[in-house]
Amino acid sequence: MESTNRRKFLIASLGALGVAGLGAVLYPLVRFLAPLKSAGIKQNVTLKLSEIPEGGSKVFELNGNAGVIVKLRGGSLAAFSAVCTHLGCIVQWQKEQGQFLCPCHGGQFSAEGTVVGGPPPKPLAKLPFIVNGENVTIG
């Protein structure tokens, strides 16, 4: 009788440990692929130009959605929604290729936001921005 109670306890403990481990793996994956949510709505975002490396990007939140600004070689800027037009995953800037890549299904976007390859049906939405001295205001 005592061995069956131990066995049931061990099985229940291993099952709970397995569920906790699966949750620990899936939660960060879902948070990475899902667009950012916001409790408060911001009308615009101001960033320092020095925060954006040349050839690099900076991800930000605007009106509850993820956005990205890229400083292209030569110093010109481009700002877009970071939400892929295919299934809503967050695109990543690929500095070496000079393009955006969607990690979900391999959608590719140029530095101008146009679709270069993969399943996305539309280009990335452009975001308006203003450069004022050492700051850039998006939105």
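Whatever comes next refers back to the structure up there.
Residues numbered from 1 in each chain as written. Predicted model: local features only at pLDDT ≥ 70, side-chain atom pairs only at ≥ 80, totals over all residues. Heavy atoms only, no water.

## A short note on the overall build of the chain
Reasoning step 1: Looking only at helices and strands, one finds 1 helix and 10 strands in the chain.
Reasoning step 2: Its C-alpha atoms give the chain a radius of gyration of 21 Å, more than 25% over the compact-globule value 14 Å for 139 residues.
Reasoning step 3: Its C-alpha atoms put the chain at 75 × 35 × 25 Å along the principal axes.
Reasoning step 4: Burial analysis of the chain (139 residues in total) assigns 30% to the buried set.
Reasoning step 5: Per element, the accessible surface of the chain, about 8,600 Å² overall, is 60% carbon and sulfur. (Helix = DSSP H or I, 4+ residues; strand = E, 2+ residues; numbered from the N terminus. Rg over C-alpha atoms; globule rule 2.2 N^0.38 Å. Buried < 20%, exposed > 50% of the residue type's maximum accessible area, 1.4 Å probe, protein only. Areas by Shrake-Rupley, 256 points an atom, 1.4 Å probe, with all protein chains shown as cover.)

## Remarks on the state of the cysteines
Reasoning step 1: Under the counting rule described, the total for this entry stands at 1 disulfide.
Reasoning step 2: What pairs with cysteine 89 in a disulfide is cysteine 104, and their sulfur atoms sit 1.7 Å apart. Between cysteine 89 and cysteine 104, the S-S torsion sits near -100°, and that sign places the bridge as left-handed. Taken as a pair, cysteine 89 in the loop between strand 4 (77–81) and strand 5 (92–94) and cysteine 104 in the loop between strand 6 (99–101) and strand 7 (108–109) lie far apart in primary sequence, 15 residues in all.
Reasoning step 3: Left unpaired, cysteine 84 is separated from the closest cysteine sulfur, that of cysteine 102, by 3.7 Å. (Disulfide = S-S within 2.5 Å.)

## Here's the deal with the sheet that holds strand 9 (residues 129–132)
Strand-to-strand pairing in sheets goes through backbone hydrogen bonds, with the strands running parallel or antiparallel.
Reasoning step 1: Strand order in the open sheet formed by 3 strands is 1-10-9, with antiparallel pairing between adjacent strands. Each end of this open sheet is capped by a strand with a single partner; those strands are strand 1 (45–48) and strand 9. Taken over all neighbouring pairs, the strand axes of this sheet differ in orientation by 20° on average, direction set aside.
Reasoning step 2: Here 4 bridges tie strand 1 to strand 10 (residues 135–138), and the two strands are oriented antiparallel to one another. Each residue of the ladder has a partner; that of threonine 46, found in strand 10, is threonine 137. (Pairing = 2+ DSSP bridges. Axes fitted to C-alpha atoms, helices over the stretch in contact; angles between N-to-C directions.)

Geometry only, nothing functional implied.
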